[in-house]
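Residues per chain, in single letters:
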Amino acid sequence: MATQEIEMSGTSWGKELWDQYDNLATHTQKGIDFFERFGNFIRDRSAIEVEYALKLRRLVKNYQPKKNKEDDENEFSTLVAFKNVLKEVADLAGQREVVAENLQNQVLQGIMLLAKNLRDERKKSLTQGAQLTQTLHTQIGTLDRAKRTYEKSFREAEKAIESYHKADADFHLSRADVEKQRVNMNMRNTVSEDAKSEYANQLQITNKLQQQHYQVALPEVFNRLQELDEKRTRGMKEFIKRSADVEYEVSPIIARCLEGMVKAADSINEKDDSMIVIEKYQSGFQPPGDIPFEDLSKPDSDSSNNSQTHNSSTGLNHMTGKGTTKEKLKKRVGIFGIFTGNKEDFSDLPPTQRRKKLTAKVQELQQKVIQEQAASDGLMKMKGVYEANSMLGDPRSVEEQLNESVNKLDRLRIELQRYQKLLEQANSQTVIQHSPQANRVIQNGGQRSSRHSNGSSNNENHHDDNGEDHPDDAGSLSRSASESSVQQAQNGLNINNNGSSASPESGLGTSHTSLPGSGHGSTNEQPMNDEYYEAETPLGTCRALYPFDATSEGSIPMSEGEELQVIEVDQGDGWTRVRRFSSRGWEEGFVPTSYIECTLYA
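If you're wondering where the values come from, they're calculated on a predicted model, not measured in any experiment.

Trainee: Explanation requested: the sheet that holds strand β4 (residues 563–568) in the structure shown.
Mentor: In any sheet, the strands associate via hydrogen bonds between backbone groups, in a parallel or an antiparallel arrangement. Here we have five strands laid out as an open sheet, ordered β6-β5-β4-β3-β7, and antiparallel in their pairing. At either margin of the open sheet sits one strand with a lone partner, and together these are β6 (585–592) and β7 (596–600). Each neighbouring strand pair of the sheet contributes to a mean axis angle of 35°, computed without reference to strand direction.

What follows is the structure, given as structure tokens:
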């Protein structure tokens, strides 16, 4: 059918290229080689798609943000958008894998199969053409031999005729010789005629075979070669289209991936991210108030006290504060071990963040209680069904599970009550108006006295708002500790010439108490002697809400309801330095801020 269509088109190789057997053989070979090269291109492209998809997946894995439970609650819109972009890129990688798979299954395999069929058909056609050509060449050889035989016999016949005519004209020869020449002539003529007939016959056969060869047999071979070459060309066309269709099939999904990236970008909201920063880092403290003007021209003691107090307080931003020596800094750092070991009450967080964490913990426990209550109710129903119908099961089989569920529910409820109480205390606890980093204790009306260099106080007694007396704290620390503190201070461990801290790596932040004469620009600067360290003025008092057992170096125990003096307020680490009087004398150390209720002096 295809050969007839080629003949009808009038552009058949068999008609137009009847004498180009070798060129057609070479052309079809090059065509199939080129087709197989196209197949190699598809194979290599598929490998590149696979490699591209693999690298995309590795890229997504390498840039996948690490999971952080704390950040899961309030994720920035940029982070959420980036995660969505990574998800879309992973989907893109999947589509590239689909492209690679379809190129291999639908294009490459088809190319390889068609190339094999074309090679087999070409080989078969060329073999048949070679046989036809060999048959024609054989017949032409036979014709040539018949022609040479005829030519030879014709020349011999002519020579025999000439010899006979000479012998017949020669009167000297006998009749027998003449007859002999005549017989030879007749024989040669007969042989010549037979050779002529054979030559004519072979010529007729050759012409007929040649006509059949060049008009029917060989054109059929060439037309088949033309057919397979056109089949290769059509295959090239179809497979190129198919490779494009493979891309078209995934393009809607790729377009959706790109749309998802655009949507992820549109979801970014800078205002919402700013609010998340506020929610994440808001401490709940209030900024410090204005610093009052100090009139140094007034000679009264109140002004002198205020001046000394203010001079002390203005240096707080540059001091570790409260005469904290290197030994006490070391203790403070040691206290941090308590934070890392016990953060269940979130006491290491600022007030606002602590309330948020406690609220989230209460909600989490409430949900667990609901789930465990539902599980317990289910077990109770199952037990009731088993008791009503023992055929369904043994009630004792769920007894152990029910007991475990009840015990777990009790533990969850106890823990829930504990965190609810902590949350209530956190909500009701008075928030200190000044943050630990900017708090300044301002002396007002002589209610808080400052120490002179000799260790004496301007006011013998200190009164709080309730009129309670606070004992003079001179000499509260031992002389050895005082001397050690002074020596360390003089060595530059705590203060420099202008009273600034020389230990920024201590992690204690800015001080909240004052040292007389330490402020920059003080009119009465004096070198700090031992008594400044021995007699730290308390910032206020505190009452223990819960008992506390000291477990780390630098902390002190306390009992519920005990009254203590506040020496250093919370620096943002969840601990407050306090002092108390015991049978062994004055003791000083750190207690959890969440365990006490503070009343600071004005």
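Trainee: Which parts of the structure should I look at to understand the nonpolar core?
Mentor: Soluble globular proteins tend to pack their nonpolar side chains together in the buried interior. Core analysis: the biggest nonpolar cluster contains 28 residues, and Phe35, Ile42, Ile111, Phe222, Leu225 and Phe239 have the highest contact counts within it. Contributing elements (two or more residues each) for this core: α3 (21–62), α5 (77–169) and α6 (175–266). The element that contributes the greatest number of residues to this core is α6, accounting for eleven residues. Not counting residues within four places of it along the chain, the set of residues in contact with isoleucine 111 comprises Phe35, Phe38, Gly39, Ile42 and Phe239. Grouped together as the second largest cluster of nonpolar side chains are 14 residues, Leu564, Val566, Val569 and Val591 included.

Trainee: What is the right way to look at the pattern of salt bridges in this model?
Mentor: For the structure on display, the rule yields 26 salt bridges. In this structure, the salt-bridge partner of glutamate 247 is arginine 96, at a minimum N-O distance of 3.0 Å. Pair noted here: glutamate 247 is in helix α6 and arginine 96 is in helix α5, with a separation of 151 residues, a long-range link. Residue glutamate 247 is classed as partly exposed on the basis of its relative accessible area, which comes to 23%. When its relative accessible area of 11% is taken as the criterion, arginine 96 is described as buried. A salt bridge links glutamate 121 to lysine 231; the nearest nitrogen and oxygen atoms lie 3.4 Å apart. One end of the pair, glutamate 121, is in helix α5; the other, lysine 231, is in helix α6, and 110 residues separate them in sequence. The exposure class assigned to glutamate 121 is partly exposed, which follows from its relative accessible area of 31%. Shared partners join several salt bridges into a network, and the residues in it are Arg45, Glu49, Arg96 and Glu247.

Trainee: Can you help me understand the packing of aromatic side chains in this one?
Mentor: Aromatic rings in a pair are described by how distant their centres are and how their planes are angled relative to each other. Within this structure, the stated rule accounts for ten aromatic pairs. A centroid spacing of 6.0 Å and a plane angle of 35° characterise the contact between tyrosine 21 and phenylalanine 222, whose relative ring orientation is tilted. Taken together, the residues tyrosine 21 in helix α3 and phenylalanine 222 in helix α6 connect sequence positions 201 residues apart. Take phenylalanine 222: its relative accessible area is 0%, and that puts it in the buried class. Aromatic pair phenylalanine 38 and phenylalanine 41: ring centres 6.2 Å apart, planes at 25°, arrangement stacked. One end of the pair, phenylalanine 38, and the other, phenylalanine 41, are both in helix α3, three residues apart, so they sit about a helical turn from each other. Phenylalanine 41 gets classed as partly exposed once you look at its relative accessible area, which sits at 47%. Ring pairing ties together the aromatic residues Tyr546, Phe548, Trp575 and Tyr595, which thus form one cluster. Cation over ring: arginine 418 sits above tyrosine 419, and NZ or CZ is 5.1 Å from the ring centre. Just above the ring of tryptophan 586 sits the side chain of arginine 579; from NZ or CZ to the centre is 5.4 Å.

Trainee: I would appreciate a short explanation of the environment of arginine 43 in the present structure.
Mentor: Counting through the fold element by element, arginine 43 comes out in helix α3. Judged by relative accessible area, arginine 43 falls into the partly exposed class, the value being 43%.

Reading the values: the criteria
- Residues numbered from 1 in each chain as written.
- Predicted model: local features only at pLDDT ≥ 70, side-chain atom pairs only at ≥ 80, totals over all residues.
- Heavy atoms only, no water.
- Pairing = 2+ DSSP bridges.
- Helix = DSSP H or I, 4+ residues; strand = E, 2+ residues; numbered from the N terminus.
- Axes fitted to C-alpha atoms, helices over the stretch in contact; angles between N-to-C directions.
- Core = buried A, V, L, I, M, F, W, Y, C linked by side-chain atoms within 4.5 Å.
- Buried < 20%, exposed > 50% of the residue type's maximum accessible area, 1.4 Å probe, protein only.
- Contact = heavy atoms within 4.5 Å.
- Salt bridge = Lys/Arg side-chain N within 4 Å of Asp/Glu carboxyl O.
- Phe/Tyr/Trp six-rings, centres within 6.5 Å; stacked < 30°, edge-to-face > 60°.
- Lys NZ or Arg CZ within 6 Å of the ring centre and 35° of its normal.

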